[in-house]
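Each chain, written out:
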Amino acid sequence: MSKSKTEQSPVRFNQNLAYLLEQHDMFLNDPNSVSDEMKTLFGELSSTQSDANNGNQRGINGLHVKNLIRLVDHIRTYGHLYADIYPVHEPNREDLPSISYESHDLDETILKSLPSSLVSDHFKDKENAYEAIEHLKDLYQGPIAYEYTHINNDMERQWLKETIEQHDKVEMNNDERISLFNQLAKVQGFEKYIHKNFVGAKRFSIEGVDSLVPLLKKLQQLMAVDQISNLQIGMAHRGRLNVLTHVLNKSYEMMLAEFMHENPIDYNENPEKLSVTQGWTGDVKYHLGATTKTNEFDIDQTIELANNPSHLEIAAPVVLGKTRATQTSDETNGQVDYNKSIAAIIHGDAAFSGQGIVAETLNLSQLPGYCVGGTIHIITNNLIGFTTEPDDGRSGLYSSDIAKGYDVPIIHVNADKVEHVLRAVEVAYLYRQKFNKDVVIDLIGYRRYGHNEMDEPMATNPLLYKDVKSHDPIDELYGSILVEDGVISEEDKSTTIESAFNAMKSAHQKINKSDQNKDASLRTPEHINSGYKQIDTGVDLETLKQIQNDLMNYPDDFKVFSKLKKILQRRNDPFEKETGKVDWAHAEALAFASILQDGYPVRLTGQDSERGTFAHRHAVLHDEESGREFTPLQHITNAKAPFIIHNSPLSEAAVVAFEYGYNVQKKNALTIWEAQFGDFGNMAQMIYDNFISASNAKWGEQSGFAMFLPHGYEGQGPEHSSSRIERFLQSAAENNWTVANLTSTANYFHLLRRQAHHLDTDVMRPLVLASPKSLLRNQTVADTIDQFTTGHFKTVIIPSYKKTKVKKLVIGSGKVIIDIKEAQKEENDELLIVSLEQIYPFPTEKLESLIKDLPKLEEIAFVQEEPRNMGFYSFVRPLLSEMLPSKIKELTYIGRPRRASTSEGDPEMHKHNQQDIINLALKL
């Protein structure tokens, strides 16, 4: 039978409702005022058709059609508000948009008189609009609810509508359902056993969102079909132990050993498949990650769960960085393959809506330097945050609402309806694969106990927990469904649940309870204590010349901005003129190119890093006529690795976390984040504290991540002077990172090369560099090319001196030393000015040796620009004080007095105070 004209019409009601209704009104006034397609549709609906009851011909009321269209739109847009997505404690909502027939001036009789194709072109098997509407309500008001009408992309909305309405059945055969029940029984058995046998122990149980485990297993299975071999998971502590056990295959014995304060690694029977790292100070069990290799779904897959501190959401961008690194090929100049890895980030409902880093992370999703081809975000929705209920924790209706601002589709699903949960992740995965964009699954459940199993939630949340306490766990619920459907017997159900519990009991009996081997001293490993050895990092002159030629070699049809071209051409001077010097950006470019030739990838991102905040770098050039881009560092002769550079969004926390994760995953890459100004890094403090500074000690997780933080007092006010370097020094211990502040471009070159040399070694550590601003073009810090061809990084720069003449030793770091040197009108053998280039690890031996070599020394002063309670002084004072000769009673401090703010705001006051510091330093 041929299709009616209505069914052939291309109109998509949901996407074009307002337009369609406007067109219909125009048609009623003047049929010729609309397109032929609209005439076809409206003309068909206005024509006569057979009346099912009496065989008479009657016209279809156009108003009924308009009302039906509005009803369909309301169901698709607002059906989630009425959906069966709450296992317990459904919220009471008022003044909701109505999706009833009556509220749209329709009834059953009218709907039965209208064709089903008016509701959806996917419901051709329905007799009429009534059946179609009932089916549409089932789809949008069932255990899965969809929010997608906010998406701006018409193709995406249409695809989601078709996927929801065409493939609408949750189908599983009996074997699959039994396997799913066995899985749920194990998830619950794990929690029940620990709850019974380790009373009061914190575990942040998964109970209430147990279906997270089969969700992740389903995702893994879907990936296997598409030959995707790497899954990166990030999550906070809720449910983490169960995911480690039942998704990453960490054995029951290993888990129970941790509860018994034993070493879990002693019980790892498959170290070639399961990798767990641990630092020497360690961390609580529900922060630890793992990596597992499996071929459960007939392909080799690696699943990684990132380490995560208690700061809930901050692991999310770390996981994205790890994913991007996995997707990036060093062999094809840094090209990204989104099907090499998928990120699944598991959020808490209160944290997803409450923590700003979530918005920062979502914003990364489509940016060229940070996109991972779509992240599967899963909100394990407990309906509560510690003791705070939604009305006090968020302004939006759902915890997922923030994702709407990024055009992300949201799938709400009842966590107790586990078969629907698997359908939800299937839709999410298909969307990710189709559009390479983020998607959110709001897994709505509950939390069985208080926040950490020791709390009594009835004290603060009695209504919610009355519902929870009377609610059966998911193994009982799903097992009963299978019994009712005749898939298993009641005896089978009981046996399965009991055997899961007994498997834990059997594992418990294997733990040697008398094995107490604890080292309370928490000794730092010897290789960490040994730190970096001095290495030659010079590059021969011919290689540097070739690099310089490559940096200046542009395509024939590429026109560099004329003023910039002249500036760049001056970089030939060090190779052509005896007086030519290498400035900061030039030294950096030479270092990067040589590092690429050594086989280490370089990834540099930051706010305006392509040009450089201070218009100094110009790593990415733009054709002044076409705007076309060209990056010379991507065309270096004999380069064995890619150079990657991106301007970042105006974010610190998420971007720093992303780059850290990138380097953790790709340990051979020189990964650098550059702040626009050093103080911008304040917004990433939690990443410094919880990951970069402590990850090796806590988790055995190493990185060589580098942070460039512009620092220096130039009268730009409190927020653009200090990088708050004191905070990094306060956390400096156990060779956890290098903290440097340089006064030499050659030293910068050698520092970068040293950092690259130690990548992917057991002594690798992050680099914190207080990079310059005004010194970028300062010829005092610029060096001649011969200082790049030989030598090594100098932790201290000591000018030549006459040891029997020196009476005053001034030690300082960074720009202030250059200010002092430039202010020194004539050389004075009684004054020695030394630049402390590496503050941590502190160069004790070099400074001790220098001080011992100065027999006439009367004063040792430490000079800094920062207030006394900030900067370097608090860190270096005890170290330098131990070196003072007996005749010098106290280390002299030269700098600003103690202040609450980092600097004065008035530039004239800055000049005055800066001059005072310089004068005091030069005074004998």
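Nothing here was measured: the structure is a model prediction, and the numbers come from that model.

Reading the values: the criteria
Residues numbered from 1 in each chain as written. Predicted model: local features only at pLDDT ≥ 70, side-chain atom pairs only at ≥ 80, totals over all residues. Heavy atoms only, no water. Helix = DSSP H or I, 4+ residues; strand = E, 2+ residues; numbered from the N terminus. Buried < 20%, exposed > 50% of the residue type's maximum accessible area, 1.4 Å probe, protein only. Axes fitted to C-alpha atoms, helices over the stretch in contact; angles between N-to-C directions. Parallel < 35°, antiparallel > 145°, perpendicular 65-115°, else oblique. Left-handed = near helix turned anticlockwise from the far one by under 90°. Contact = heavy atoms within 4.5 Å. Nonpolar A, V, L, I, M, F, W, Y, C, P; charged D, E, K, R; others polar. Expected span 1.5 Å × (residues − 1). Core = buried A, V, L, I, M, F, W, Y, C linked by side-chain atoms within 4.5 Å. Polar contact = N/O pair within 3.5 Å; in protein donor to acceptor, adjacent residues only side chain to side chain. Pairing = 2+ DSSP bridges.

A. Unusual backbone geometry, seen in detail. Omega for the bond connecting Tyr 840 with Pro 841 falls within 30 degrees of zero, at -10°, which places this linkage in the cis form. Structurally, the position occupied by Pro 841 is in the loop between β23 (838-840) and α32 (844-852). Unusually for a residue other than glycine, Gln 227 sits at a positive phi of about 60°. You can call Gln 227 exposed: its relative accessible area is 53%. At His 618, a position not held by glycine, the phi torsion is positive, near 55°. Mapped onto the elements, His 618 comes out in the loop between β12 (602-606) and β13 (621-622). On the basis of relative accessibility, which here comes to 18%, the residue His 618 falls in the buried class.

B. Focus on the packing of helix α31 (residues 815-823) against helix α34 (residues 907-922). Two elements in contact, α31 and α34, have axes separated by 10 Å at closest approach and are oriented at 70°. Of the possible angle classes, the one that applies to α31 and α34 is roughly perpendicular. In the crossing of α31 with α34, the sense of the turn from one axis to the other is right-handed. Touching Lys 815, Val 816, Asp 819, Ile 820 and Ala 823 of α31 are Gln 914, Ile 917, Ile 918, Ala 921 and Leu 922, all from α34. Looking at the contact of α31 with α34, its residues break down into 7 nonpolar, 1 polar and 2 charged.

C. Layout of the packing of helix α8 (residues 174-197) against helix α11 (residues 252-259). In contact at an axis separation of 12 Å, α8 and α11 are set at 25° when each is read in the N-to-C sense. By the criterion of interaxial angle, the relationship of α8 to α11 is roughly parallel. Here α8 runs over α11; the crossing is right-handed. Along its contact with α8, which presents Lys 186, Phe 190, Tyr 193 and Ile 194, the element α11 presents Tyr 252, Met 255, Leu 256 and Phe 259. In terms of residue class, the contact of α8 with α11 is built from 7 nonpolar, no polar and 1 charged.

D. Highlighting helix α19 (residues 490-508). Taking 1.5 Å per residue as the helical rise, α19 with its 19 residues ought to reach 27 Å, and the 28 Å between its terminal C-alpha atoms agrees with that figure. Tucked inside the fold, the buried residues of α19 contact α8, α11 and α18 (474-484).

E. Layout of the nonpolar core. Counting 115 residues, the largest nonpolar core has Tyr 688, Ile 692 and Leu 809 as its most contacted members. Per-element accounting of this core gives the leading share, 9 residues, to helix α24 (residues 584-597). Leaving out residues up to four positions away in the same chain, Leu 809 has contacts with Leu 832, Val 834, Leu 850, Ile 851, Leu 854, Leu 857, Glu 859, Ile 860 and Ala 861. Judged by nonpolar contacts, the second largest core, of 89 residues, contains Leu 71, Val 209, Val 247 and Ala 290.

F. Summary view of the environment of Gln 702. Structurally, Gln 702 can be placed in the loop between α27 (695-699) and β17 (706-708). A sequence separation of 147 residues divides Gln 702 from Pro 555, and the C-alpha atoms of the two residues are 40 Å apart. With sequence-adjacent residues up to four places away left out, Gln 702 is seen in contact with Val 664, Lys 667, Asn 696, Thr 761, Asp 762, Val 763 and Met 764. A polar atom in the side chain of Gln 702 sits 3.5 Å from the backbone oxygen of Thr 761. Of note is the side chain of Gln 702, whose polar atom sits 3.0 Å from the backbone oxygen of Asp 762.

G. The sheet that holds strand β5 (residues 274-275), seen in detail. A sheet is described by the order of its strands in space; here 9 strands give the open sequence β3-β10-β11-β9-β8-β4-β7-β6-β5, paired in mixed fashion. Looking at the sheet topology across the chains shown, the edges are occupied by β3 (144-147) and β5. Against the sheet, helix α12 (residues 315-327) contacts β4 (230-235), β7 (301-305), β8 (342-348) and β9 (375-381), and its axis sits at roughly 175° relative to β8.

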